[in-house]
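Topology and contacts: notes
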Amino acid sequence: MRLEKCWFCSSTIYPGHGIQFVRNDAKIFRFCRSKCHKNFKMKRNPRKVKWTKAYRRLHGKDMTQDSTFELERKRNQPERYDRNMAEQTLKAIPLITKIRHHRLQKHIADRHKPGKKKELERDNKELEQDINMLPKKVISKAEPLKMKVQVVPPQTQENLMEE
């Protein structure tokens, strides 16, 4: 069973699904749904349409460089069947899926870091501007009291015996 990729949005096309367009020069374009086919006929660039995989990769929304994608790569030359190799591959698939998921979560977290920092700065700025709107009780609870405390070093047992 061969799974194809949509020319426009890069999603997976299962056998018996989608639309196939063959140009006069015998180039084959496969589309997962009519939405992709219509956008292709309107000569839209997939890198400029926000819901496509090409746009997401180009604008840093999806991971592009990762060693786990090597297994998904299309191979044109068939490999000789090896039972041990097939067994190792099947055992490795869950581990690779777990690694890919972990890396994707890290990528998403890294993408959100600058936004959280900006949001915190914006909230602090708004609080400074509108501090007079808060009731006095809330302000006094929010700001900790500043008191001077004298720190006395702990006494060892030798010092206690001398006294």
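Here the structure is shown first, and the text comes after it.
Residues numbered from 1 in each chain as written. Predicted model: local features only at pLDDT ≥ 70, side-chain atom pairs only at ≥ 80, totals over all residues. Heavy atoms only, no water.

Thoughts on helix H1 (residues 34-41)
When we look at burial in H1, the residues that qualify are Cys36, His37, Asn39 and Phe40. One side of H1 carries all its buried residues, which in axial view fall inside an arc of 165°. Against strand E3 (19-22) and strand E4 (28-31) lie the buried residues of H1. (Buried < 20%, exposed > 50% of the residue type's maximum accessible area, 1.4 Å probe, protein only. Helix = DSSP H or I, 4+ residues; strand = E, 2+ residues; numbered from the N terminus. Arc of directions from axis to C-beta. Contact = heavy atoms within 4.5 Å.)

Brief notes about the packing of aromatic side chains
Counted according to the given criterion, the structure contains seven aromatic pairs. For the ring pair Trp7 and Phe40, a centre distance of 5.1 Å and an interplane angle of 80° mean the geometry is edge-to-face. You can see Trp7 sitting in the loop between strand E1 (4-5) and strand E2 (12-13) and its partner Phe40 sitting in helix H1, a full 33 residues away along the chain. Among the residues examined, Trp7 registers a relative accessible area of 37% and is labelled partly exposed. (Phe/Tyr/Trp six-rings, centres within 6.5 Å; stacked < 30°, edge-to-face > 60°.)

A closer look at the nonpolar core
Counting residues in each nonpolar core, the largest one holds 10 residues, listed as Cys6, Phe8, Cys9, Ile13, Phe29, Phe31, Cys32, Cys36, Phe40 and Val49. With residues up to four places along the chain from it excluded, the contact list for Phe8 reads Phe31, Cys36, Asn39, Phe40, Arg44, Pro46, Val49, Trp51 and Thr52. (Core = buried A, V, L, I, M, F, W, Y, C linked by side-chain atoms within 4.5 Å.)

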